[in-house]
Every structure is written in C-alpha cells, then in structure tokens.
Amino acid sequence: MSNIQPLPALEVLKAQAKRLRQSLTAEGNFITHSEALELLAHQHGFRDWNTLHAAAGNRPASPLALGARISGLYLGQPFTGEIIALASLNHGSHFRLTIDFDEPVDVVTFDSFSAFRKRVNCTVAADGKSPALTGDGKPQMAIAV
C-alpha cells in the first residue's frame, strides 16, 4: 500500500504557483513567477520546476486531485465539494479521499431523523466509485468524473 499523493496536472501546478505568488505578494514578499514555480517544485519534493514538469507530464487534469472541485452522490444524496486530502492506494488503482462538502449532506433516509455530514473520508476506484456499497447495491460514493 502506497500513500504517495499523485501529482496534479500541469495547469493545476501552474495555478498553485500563481496563488503562491499572489499570497506572498499580499504579505509584502515579492517574487517572480519563475521563483514561485521553483518554490512549488520544492514543496512537491522535486529539485526544480523542470524536474517537476517532466514528472507531471502533459496529461489532462484528473478530477481526483488535491483541491479539485467535485460533485456526485454520497449515500444517494447529491453533493458538491472539494478534495482536501488524497492518497493513492494499490499503485493508483484506488484513492483514499477526504471531501469537504459545500453544504452538509443528510446521510439518513428516515423522515423523522436526520444526520448531516460536512466532511467525509472514503475510498474510490479510478472511476470515482467506491467499492463499498449501500444496502441497495449502489456505491456509497460516486464522484462524477
């Protein structure tokens, strides 16, 4: 079992560098865009931007990336939210996620009782569906990919 986080796509990495630069500038620490790219590479454990760029490759953005905005069904209830934690399992065949829902999701189907969840942990396959099923045989988590 591996807990190495998959690399985001290049456009996501570049957007992270842009946000880093904006954040530092707001605090009075002015850096160039190329310096922000280098800092980002170091944060991801790479020697420099060129090495990170080569490792990330020119692939499309995966919907299962840290910070990604996602939607789908959790226990049959629609949701939108953000991936706030992500780990690759079984060489990338599955992912362990923590999702912060925009609005709490009622996880109980009884009319006389409710239980709302704002944040959930789950495991999904690369297709965004959890191997864990509900009582009616549907995936507990189904992310629209």
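This is a predicted model, so every value here is computed, not measured.

## Some thoughts on unusual backbone geometry
The backbone of Leu 75 shows a phi angle near 50 degrees, a positive value even though the residue is not glycine. If you trace the backbone, Leu 75 turns up in the loop between β1 (69–74) and β2 (77–89).

## Remarks on the environment of Ser 112
Relative to the helices and strands, Ser 112 resides in the loop between β3 (94–106) and β4 (116–125). Overall, the relative accessible area of 74% leaves Ser 112 in the exposed class. Sequence-wise, Ser 112 and Cys 122 are 10 residues apart; in three dimensions their C-alpha atoms are separated by 27 Å.

## Observations regarding the pattern of salt bridges
Any two side chains of opposite charge can pair, given that their charged atoms come close. This model, assessed by the stated rule, comprises 4 salt bridges. For Asp 102, the salt bridge is made with Arg 69, and the minimal N-O distance between the two is 2.5 Å. With Asp 102 in strand β3 and Arg 69 in strand β1, this residue pair connects regions lying 33 residues apart in the sequence. For Arg 69, a relative accessible area of 52% corresponds to the exposed category.

## Description of the pairing of β2
Pairing of β1 with β2, which is carried by 6 bridges, proceeds in the antiparallel orientation. When the sheet's bridge partners are listed, Ser 71 is paired in β2 with Thr 80. If you look at the hairpin formed by β1 and β2, you'll find 2 residues sitting between the two strands, and Leu 75 has a positive phi there, around 50 degrees.

## Some points on the packing of aromatic side chains
For the structure shown, the criterion picks out 2 aromatic pairs. An angle of 45 degrees between the planes, with centres 4.9 Å apart, marks the rings of Phe 79 and Phe 101 as tilted. You can see Phe 79 sitting in strand β2 and its partner Phe 101 sitting in strand β3, a full 22 residues away along the chain. Accessibility classification places Phe 79 together with Phe 101 in one group, the buried group. A network of ring pairs unites the aromatic residues Tyr 74, Phe 79 and Phe 101 as a single cluster.

## Digging into the environment of Gly 128
Mapping Gly 128 onto the fold places it in the loop between β4 and β5 (141–143). Take Gly 128: its relative accessible area is 0%, and that puts it in the buried class.

Calculation rules
- Residues numbered from 1 in each chain as written.
- Predicted model: local features only at pLDDT ≥ 70, side-chain atom pairs only at ≥ 80, totals over all residues.
- Heavy atoms only, no water.
- Helix = DSSP H or I, 4+ residues; strand = E, 2+ residues; numbered from the N terminus.
- Buried < 20%, exposed > 50% of the residue type's maximum accessible area, 1.4 Å probe, protein only.
- Salt bridge = Lys/Arg side-chain N within 4 Å of Asp/Glu carboxyl O.
- Pairing = 2+ DSSP bridges.
- Phe/Tyr/Trp six-rings, centres within 6.5 Å; stacked < 30°, edge-to-face > 60°.

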